[in-house]
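Listed below are the residues making up each chain.
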Amino acid sequence: MSTARLAVAPQARLAVDIGGTFTDLVLERGGQSWSTKILTTPAAPEQAVLEGTERILGLAGIAPGEVGLVVHGTTLATNALIERKGARTGLITTQGFRDSVEIAWEHRFEQYDIHMERPEPLVPRQWRLGVPERVAADGAVLKPLDEAALRAAAAELQVAGIEAVAICFLHSFTNDAHEKRAAEVLAEVLPDVAISLSSEVAPEIREYERASTTIANAYVLPLMDRYLGRLESGLREAGIPAPLLLMMSSGGVTTVETARRFPVRLVESGPAGGAILAQAVAAECGLARAVAFDMGGTTAKLTLLDELELQRSRQFEVARAYRFIQGSGLPVRIPVIELVEIGAGGGSIARVDELGRIQVGPDSAGSVPGPAAYARGGTAPTVTDADTALGRLDPARFAGGTMTLDRGLAEQALAPIARALGSDAAGAASGIAEIVDETMASAARVHAVENGKDTADRTLIAFGGAAPLHAARLARKLGMRRVVVPVGAGVGSAHGFLRAPIGYEVVRTRHMRIDAFDAEAVGALFAAMRAEAEAVVRLGAPGEALVETRTAYMRYRGQGHEIAVPVTELSADALRAGFDAGYAALFGRTIPRLEVEALTWTLALATHRPLPSPAPEVLPVPAAKPVGYRAVLDPASGAVEEAAVMERLSLKPGMEFSGPALVVEAETTTVVPRGFLARVNALGQLILEDLS
């Protein structure tokens, strides 16, 4: 009897990233990967996912039942908030406090502009209702919940046709009894309405931010719940039994059950996947300081990396209404990878303003109708039309050859801008490319300064369908000498999804002076937080080892904001030492004899995903021969040059060649301008060095 054992093929893993223009898919199994891009279907996003899944499984020759994991990130929640296309949402709050979401921080973020625009609350005033109840800051009940008034408010919301309700009572982060009882009552009166509790969505101090986050969660909850339900059903009907995990803004992935309850945590899920990829690429290239640059069809995102660490935050603003200025958006209090996102993508629409200046974005042609070059009915000039007119894109190979670009339609769309400038289509295209590159460079500079950093002497890591087209010029504007274009750059965020840990973060507010530190109470608090986080993480990682990270948010007594302090030991001395070190690093000094207090505590739990080791050096080898040449207009010099066209798949480790050149692959094209040397490292990544 033979004892030979049949080899079992490893299960495949599928990543899906829905963007405003394209839906990207990456499939991996046994060291091999396949990828594809498909136009997003805004009316029913799951259609593009299911169609793309069928296509990529066909490319790989893999049966649906062989897929063992699906990881998904989407801009659906983000777009619903930005475009105000969420559910009809009501707010139940403590009587007398329904206007706190409109009062906000009680300041003008642009003092001298009488036309300053404040963000409109997601819930109109007539749907913001207060009920008698009051909980003190220490959790004591000062006034019981008036259930009769609550039922009357629920009936009022029912008449208004409300689809979702946010419940946010004062100090519910210390005592959630009133919110939970209110949810029970509302569920009786409004059984088909989605309900979000602030004590579950954002259980921490600061009323406005807590209310804003809870409202945002309620606003997108019905949309995301229906979408994720349809997607789950569609995958099962397609024969894919694999669990569906969702990418979160924090850079971790969580279960679909958690995502359906707290969809606000998915608001920046796509960009987070790109940041995870950039972190891994930085480790592989041995880069201590880098900038991750993700440019897709609708937006561009930039993230700073220092010593292989990503910038992280517990709050960001979505849908900034006034020139992207801080304070003009809706605050969302969730764990997030800190980045700057601007409306500068391939589909961003260009125009000439009253002063004769080219403006690009933030509005986008999206996937419907798309840029004029798509020949799908779009007529507005976009960045993609400019790149097509400049000769950067091969019309026959766009999006892996699934679409054909029409250069004539692109130039036709550029004609109004050309006339306004007294130029031709090429001149208009050149101007659009320069403006969008400068817009991204300006955003990167501001983001760096806001974080006390700079952009010089960093390496730009470029991914996303449009980023490699603009990366070299952007790097020069930012004073960077090196650009890295990873393998599969055109679908980079989807690749990042497959590298992300399964994780979850829990936050609690508990005010405590360090000179009166209660180690037993804090230990019990962390134990409860660990249990809550582990219940979520184990759904997606039942047997893996987990890494726990504890953080205290501390300040000098009397200050308005806190700094993050790692909690490695539950002692007053250790916390004080950590606070002093962190404060001195940020502000250059400490304040002697001033009391220190902790306000908020967080616990993050995640599977262990070690960063890769640096790639080995390779010896130079003769470069592959160009497959052809193409006339390309360089916006920086204004000269038309014959650029060598190189096939990315034919480039081997150690190969080098000089610009001007175009490196073409299925999902993107890398522009190598004159003065740059391109080489391929041991992992097949494309390294552009500025020798000028």
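S.K.: I tried to follow the layout of surface pockets on my own but got confused; where do I start?
M.R.: The gaps of empty space that remain are located by a probe, the size of a water molecule, rolled over the atoms. Reported here for the second largest pocket is a volume of approximately 1100 Å³. Lining the second largest pocket we find 41 residues, and of these Ser-33, Ser-35, Val-487, Gly-488 and His-495 sit closest to its centre. Elements with a contribution of two residues or more to the lining of the second largest pocket: strand S2 (22–29), strand S3 (32–39), helix H1 (45–60) and helix H9 (269–285). Grouping the constituent residues of the lining of the second largest pocket by class yields 16 nonpolar, 12 polar and 13 charged.

S.K.: Is there a simple way to think about the pairing of strand S28 (residues 596–607) in this case?
M.R.: The side chains of a regular strand alternate between the sheet's two faces. Of all 12 residues making up S28, 10 are buried, and the element is well covered by its neighbours. The pairing of strand S25 (residues 503–513) with S28 spans 9 bridges and is antiparallel. Paired with Tyr-504 across the strands is Leu-605, a residue of S28. Here strand S26 (residues 546–556) runs beside S28; their pairing, made up of 11 bridges, is antiparallel.

S.K.: What's the story with the confidence of the model for the chain in this structure? I'm lost.
M.R.: Low pLDDT means the predicted atomic positions in that stretch should not be read closely. With 97% of its residues at a pLDDT of 70 or more, the chain has an overall mean of 90. Across the chain, the secondary-structure element scoring lowest on mean pLDDT is strand S17 (residues 316–318), at 77, and the one scoring highest is strand S9 (residues 164–168), at 97. pLDDT under 50 marks residues 1–8. Its contacts with residues more than four places away, or in other chains, come to 0 contacts.

S.K.: Can you walk me through empty space enclosed by the protein in this structure?
M.R.: For the coordinates displayed, the defined rule picks out 3 cavities of 30 Å³ or more. Forming the walls of the largest cavity are 20 residues, and the residues nearest its centre are Arg-392, Asp-634, Pro-635, Val-671 and Pro-673. Those elements that place two or more of their residues in the lining of the largest cavity are helix H13 (467–477), strand S29 (628–633), strand S30 (640–647), strand S32 (661–664) and strand S33 (669–672). The leading source of residues in the lining of the largest cavity is H13, at 4 residues. When the residues that make up the lining of the largest cavity are grouped by side-chain class, the tally is 13 nonpolar, no polar and 7 charged. Approximately 50 Å³ is the volume attributed to the second largest cavity. Sorting the residues of the lining of the second largest cavity by element identifies strand S5 (89–94) and helix H7 (207–237) as the ones contributing at least two each. Sort the elements by how many residues they give to the lining of the second largest cavity and H7 lands first, with 3 residues.

Cut-offs and rules
Residues numbered from 1 in each chain as written. Predicted model: local features only at pLDDT ≥ 70, side-chain atom pairs only at ≥ 80, totals over all residues. Heavy atoms only, no water. 1 Å grid on protein atoms, 1.4 Å probe; cavity = no way out; pocket = protein on both sides within 12 Å on 5 of 7 lines; lining within 4 Å. Points joined across faces, edges and corners; volume = space filled by probe spheres on them. Helix = DSSP H or I, 4+ residues; strand = E, 2+ residues; numbered from the N terminus. Nonpolar A, V, L, I, M, F, W, Y, C, P; charged D, E, K, R; others polar. Buried < 20%, exposed > 50% of the residue type's maximum accessible area, 1.4 Å probe, protein only. Pairing = 2+ DSSP bridges. pLDDT = per-residue confidence, 0-100. Contact = heavy atoms within 4.5 Å.

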